[in-house]
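A closer look at the structure
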Amino acid sequence: MRAAVKEAVRSIVPELAGRVYDVQPLDGAADDQYAVFTLGEEIWKSSWAGYRQVVRLKLYADSSGLSQLDAWAERLVSGLNRKRVSGTENEAFVLHYLGVPETDKLDAASGKIVRVMRFGVYMPEATGAVAPGETDEWLSTLTALTGEMLGTPWKIYHTAWPAGREEHAVLWRMTGCESKSAGASMYEIRKSFTGHIVSPNLESEQLAIVSLVEKLGSKVRLMLEPVDQRYVSVVDVSSDLQADPILDGQIKLTLMQRQMRPAEEAALIRRVNIDPILK
């Protein structure tokens, strides 16, 4: 990861070529402007996002170079945020800009102004690919249907984010399941799902969210098995455009299916009428 991020920084800001260090350089050994790259600890976030490791990029400049530092920071945010970075040995990951944790400060050791930029890299334990036959049927149908609705360049995943996901990506995960009685011989199964939509820019992300909400909302049924005519009904679908796309998900969906109770569990007496006038 270290080498891949440093190479990405150099490609975005060529002026930093040869001046991105792993540790603070010795006094007088660095140029007027340079950067220091450090990796933070891995923090567990969720079963679908895994761990998040913080990448810190410290930009150093003399007080006369603050305008150049501002320009570099803007280019780095534009070039790295939500962008897929590939490294050696098929290593790939996506960076998420986490902001500037503090104001610019004067570094006493170097006598330079330092600005700290933070990026996050999610490293899930799962790959997002579950062995055949182990995926929930409703979830599999929803994943396939989403791919048909959005088309290219969107890549659809389920259950957990994979390492090195594509930049335009959707993740569906099941968040709940309940069963309710629907009469003496029938019962309802309801499952809730959360959809995460991520893209390199906010505009395409929101367009995809709105498109999925509209198309799923217009679907009365999602067909599970055409031959047996098994399907699930769309009960409710909503979105929150402000939700975190990686950790929270912007779409909430509820699907429902009615099933017959086994014959031995069905009530044998359907109705009892009592006539109050006995003769």
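Structure's up top.
Residues numbered from 1 in each chain as written. Predicted model: local features only at pLDDT ≥ 70, side-chain atom pairs only at ≥ 80, totals over all residues. Heavy atoms only, no water.

**Section: the sheet that holds strand β13 (residues 251–260)**
Counted only if it meets this: Criterion used throughout: strands pair if DSSP finds at least two bridges between them. What counts as a helix is a DSSP run of H or I of at least four residues, what counts as a strand is a run of E of at least two, and both are numbered from the N terminus. Axes here refer to lines fitted to C-alpha atoms; in helices the fit is confined to the stretch in contact. Angles between the N-to-C directions go from 0 to 180 degrees. Contacts are residue-level and defined by heavy atoms, with any inter-residue pair within 4.5 Å sufficient.
In space, the six strands of this open sheet follow the order β8-β9-β10-β13-β12-β11, with mixed pairing throughout. Only two strands of the sheet have a single neighbouring strand rather than two, namely β8 (155–158) and β11 (221–225). Ignoring strand direction, the axes of neighbouring strands in this sheet form an average angle of 30 degrees. The strands that helix α3 (residues 137–150) touches are β8, β9 (169–181), β10 (186–198), β11, β12 (230–239) and β13; relative to β9, the one it contacts most, it runs at about 140 degrees. Where helix α4 (residues 202–218) meets the sheet, it contacts β9, β10, β12 and β13, and its direction lies at approximately 135 degrees from that of β12.

**Comments concerning α3**
Here is the rule we go by: Given the number of residues in a helix, its expected span is that number minus one, multiplied by 1.5 Å. Whether a residue is buried, partly exposed or exposed follows from its accessible area with a 1.4 Å probe, protein chains only, as a fraction of its type maximum: under 20%, in between, or over 50%, in that order. Side-chain atoms alone can form a polar contact between residues adjacent in sequence; in general such a contact is a pair of N or O atoms within 3.5 Å, and within protein one must be able to donate a hydrogen while the other accepts it.
Taking 1.5 Å per residue, 14 residues should reach 20 Å; α3 reaches 20 Å between its end C-alpha atoms and fits that length. If you check which residues of α3 are buried, you get Trp138, Leu139, Thr141, Leu142, Thr143, Leu145, Thr146, Met149 and Leu150. For α3, the capping residue at the N-terminal end is Asp136, with a side-chain oxygen 3.0 Å from the backbone nitrogen of Trp138. At the exit of α3 stands Gly151, carrying a positive phi of roughly 70 degrees.

**A few points about α4**
Compared with an ideal rise of 1.5 Å per residue, which puts 17 residues at 24 Å, α4 spans 24 Å between its outermost C-alpha atoms and is within 8% of the ideal. Within the sequence span of α4, burial applies to Ser204, Glu205, Ala208, Ile209, Ser211, Leu212, Val213 and Leu216.

**Considerations on the packing of α3 against α4**
Quick reminder of the rule: It is the rotation of the near helix from the far one that decides the hand of a crossing: anticlockwise by less than a right angle makes it left-handed, clockwise makes it right-handed. Under the grouping applied here, Gly and all other residues not named as nonpolar or charged are polar, the nonpolar ones being Ala, Val, Leu, Ile, Met, Phe, Trp, Tyr, Cys and Pro and the charged ones Asp, Glu, Lys and Arg.
Close contact between α3 and α4 brings their axes to 11 Å; oriented N to C, the two are set at 115 degrees. The handedness of the crossing between α3 and α4 comes out as right-handed. Facing α3, whose interface residues are Leu142, Leu145, Thr146, Met149 and Leu150, α4 presents Ala208, Ser211, Leu212, Lys215 and Leu216. Classifying every residue of the contact of α3 with α4 gives seven nonpolar, two polar and one charged.

**What about the packing of aromatic side chains?**
So the rule is basically this: Under the pairing criterion, centres of Phe, Tyr and Trp rings, with the six-membered ring standing for Trp, must be within 6.5 Å; the plane angle then separates stacked pairs below 30 degrees from edge-to-face pairs above 60, leaving the rest tilted. Note on criteria: charge over ring means Lys NZ or Arg CZ within 6 Å of the ring centre, with the direction from the centre no more than 35 degrees off the ring normal.
One pass over the full model with this rule turns up five aromatic pairs. Ring centres 5.0 Å apart and planes at 70 degrees place the aromatic pair Trp44 and Tyr51 in the edge-to-face group. What makes Trp44 partly exposed here is its relative accessible area of 43%. For the ring pair Tyr157 and Trp161, a centre distance of 6.4 Å and an interplane angle of 65 degrees mean the geometry is edge-to-face. Each of the two residues, Tyr157 as well as Trp161, counts as buried. Taking NZ or CZ as reference, Arg173 lies 3.4 Å from the ring centre of Trp48, over its face. Lying over the aromatic face of Tyr231, Arg221 brings its terminal NZ or CZ to 3.9 Å of the ring centre.

**Details of the pattern of salt bridges**
Where we set the bar: Salt bridge, as applied in this entry: a Lys or Arg side-chain nitrogen positioned within 4 Å of an Asp or Glu carboxyl oxygen.
Under the definition given, this model contains 13 salt bridges. Salt-bridge contacts for Arg10 lead to Glu7; the nearest nitrogen and oxygen are separated by 3.3 Å. Of this pair, Arg10 and Glu7 both sit in helix α1 (residues 2–12), three residues apart, which is roughly one turn of the helix. Arg10 gets classed as partly exposed once you look at its relative accessible area, which sits at 25%. We classify Glu7 as partly exposed; its relative accessible area is 44%. Taking the shortest distance from any N to any O, the salt bridge between Asp62 and Lys112 comes out at 3.2 Å. With Asp62 in the loop between β3 (50–61) and α2 (66–80) and Lys112 in strand β7 (residues 112–123), this pair connects stretches of sequence that are 50 residues apart. One network of salt bridges, in which partners are shared, links Arg2, Lys6 and Asp22.

Nothing here speaks to function; it is all geometry.
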